[in-house]
Each structure stands twice: as structure tokens, then as C-alpha cells.
Amino acid sequence: QSADADSSGKWKAASISTVKWATCSSLSVSSEGGSGVFFVEAEKLSGKVVVVKGSGTVVQELFASNVGKLIGVTTPDMRMTAYTESEWRNLKKHLQRVAKPKDLSKVQKELDRPYLLIMEYLEGEPLGMMSQQQAEQTFHGSKSCISFYGIGRILALDILLNNWDRLPVIWENEGNPNNIMLSTSGDAWAIDQAVTSINPTVFASGMKKYISKVQQFLQSVISSGNSVESMGIVLEHIAMYTGYSLKGTEACEACDCLRHGLLTTLQRAAKLDIIAEKKKLEEMVPASSDWGNVWQSGLKAINIDFLQSVQGLIKEMMDMAERQPSLHLQRLTPVEDLTHIKVVLLQVALGSQTDDDDLVSQVDCCLTK
């Protein structure tokens, strides 16, 4: 997430669970994207930041983010505040208070919405803003598999939701590489999620075309003996964005990681209860308290028939993939008691040769996530 302030390199993430808006001390405007994205220092000189976003697609972004987390994609934590809440009023009041004079009109305009997102600040670099040197540090060496596996996961989410605004693998556009963030540890984060539903009743031909594209792409991923043949297009786009190209063995290893991240995440996507996820959003804002039908319009944009059609195709293709020994995919089975696994691993931590309570805390936190 890039800002117009040089100080952004010093920022750290603040908790989004409870933000004291009266103590926020500064605001910077993102230099990216069309919607209003603001970096807010939660307390004077603390360097701890939360992100506030004014957007006309809050419902779709929440839905996509929730779906992403459920299938293993790394996305920033976020929550919504509504015009019916005192926090919404406090947020608007104090962000206008700390806005720079040159930014005030934009802040007022973008916050003039009934629903606002409060999001986790991410420390990292957008893929599209990486220098060649930064790309080499990320995509060369021990961290590279982490990055490519994560990008493969993100691609799986985008295929399920028809999010064309990131990696243009099956979409005929230039994409938006700044919607992928890469941390110093190599983690790939998906930001600015989107859902582009095609109404099968109104646009039957468009629906058929999209399903055909997904099928052709996944068939090439599954049937090709060489992952570079199907996933090399991702490396081509990374080279175009950053100027850094992977060759030979490194390219093969990168594409293997991309493919495995893609397929293992699609396995999860095939089992996701999409209806239940939309239901959660329906319950967040009852139609009777919606402002100008904004929330209901967002829900309408999430077409379950479309998503279930894509999901059905994904399931069919994953059944095929699991029968391909060369892909090394294990058939996923439901875990009846995830708590049991957590307890066993915590026991391992407790039984290790250390009295470090922080180790147990880290294991507990990791497993909870």
C-alpha cells in the first residue's frame, strides 16, 4: 500500500479491533487506486497505522476477502463501520481534522459513504512498484517459493471470483500488479479484492465464454508435464512489471510453486460454502436499515448462480487433477476436530527443550490463523 509520504517506510500496523479516532494524529492519501484509501496514524508519533477505505464496493470486497481467507489466501484483516454507528461519525470527524489542507476535499468526498472499511496496514511493496533489484531479492533464492506459492493461491481466488484486476492470466487486459503486495519475508498478499459476477440469465454468452476460458486454462495446468508451459505467463508479466526475468531451473521451480499454490487452493475453493458466506453479509445490514439501497445493491452484484457454476467446474477439474500422480496432490478430507490437532502441536511446543512461553504463544497464534 503506497502513500504520498516518505515516512511510510517507518510505519507499523496498528490493531484494527479498537481504534481511538480522537487520538489519531496524521493522515496520508494513497497514491494508488481510484477509491479513497487513507493511512491513518492511530496515535501521535507512534508510527502505528490503520487503513481507512471509502469505496462503492464494500460488500464485494468484504465477501472476496472472507472467501480468500477461507481458501488460504493471505489478505489484510478488515472490518466495516456503518452510518448507524458512533464510530462511523467519530472516524469521519477526526480524519477531516488531521487531513492536510490539500487533501481535505478528497477526504470529505471519499468518506461521504454509508459504509467504510477499516483495514490492516501491510508492510511490503506492491508488485507493480518493485525495482528490478527488489524483484531479484524477492524472486531469487530461498524466499522465492513462498512468494510464488502465494501468488498461485491469489490466482485461484481470482479465477473463482472472476477478478480481472490483478494478474491477466485468463483475462485480456494488462492487469494491476499493485493489487499484490510482497513482504520482506516473501509472503504474497492479495489487496483490493473484487468480484465480477456474470449474470447467466442476462449474459449467457459471456458466462459461457468465461467458463470456457477457465476450463482451457486449468486443463493446460493439469495436463501439461512442464509447469512452465501453463504458468510461464505469470513470469512473463512479472518480468514486464519489474524488469526481472527468471530463466532455466529457477523458472521451472517458480512455475512448480505457482502451479501447486493454484491447485491446492482450488481444492479448497471447490468445497467452499459460497451461499453461507453471502448469508453472513446479508445479516450484517438488514434491508430495513440500508442507506439508499447501497448494501443491497452490493449483495445483488454477488451472483450465486455464476459463482456456483465456476465452482462446479473447479470441482470437476480438481477431481481430474487428483488422479494425476505427477501433480502430487493429496485428496482433501474434512477434519472433524481441528482443535485436536492444535492441542497436539501445542503439546509438542510445551514439551520442547525450552521454557519460552512466547514459543507457545506463537504456535497458538499461528494455528488460530
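Note that this is a predicted model, so its numbers are computed, not measured.

A separate point is the pattern of salt bridges. Counted according to the given criterion, the structure contains twelve salt bridges. With a closest N to O distance of 2.9 Å, Lys53 and Glu61 form a salt bridge. For Lys53, the salt bridge is made with Asp192, and the minimal N-O distance between the two is 2.8 Å. Highlighted residues: Lys53 in strand S4 (residues 48–54) and Asp192 in the loop between strand S9 (188–190) and helix H6 (204–223), separated in sequence by 139 residues. Look at Lys53 and you get buried, because its relative accessible area is 5%. Linked through salt bridges whose partners overlap, the residues forming this network are Lys53, Glu61 and Asp192.

Geometrically, a packed helix pair is captured by the angle between its two axes and the distance between the axes. Their axes nearest at 11 Å, the elements H6 and helix H8 (residues 248–271) cross at an angle of 120°. Pair H6 / H8 crosses with left-handed handedness. Residues Phe217, Leu218, Val221 and Ile222 of H6 form the contact with H8, whose participating residues are Arg259, Leu262, Leu263 and Leu266. For the contact of H6 with H8, the class distribution of residues is seven nonpolar, no polar and one charged.

About the criteria used
- Residues numbered from 1 in each chain as written.
- Predicted model: local features only at pLDDT ≥ 70, side-chain atom pairs only at ≥ 80, totals over all residues.
- Heavy atoms only, no water.
- Salt bridge = Lys/Arg side-chain N within 4 Å of Asp/Glu carboxyl O.
- Helix = DSSP H or I, 4+ residues; strand = E, 2+ residues; numbered from the N terminus.
- Buried < 20%, exposed > 50% of the residue type's maximum accessible area, 1.4 Å probe, protein only.
- Axes fitted to C-alpha atoms, helices over the stretch in contact; angles between N-to-C directions.
- Left-handed = near helix turned anticlockwise from the far one by under 90°.
- Contact = heavy atoms within 4.5 Å.
- Nonpolar A, V, L, I, M, F, W, Y, C, P; charged D, E, K, R; others polar.

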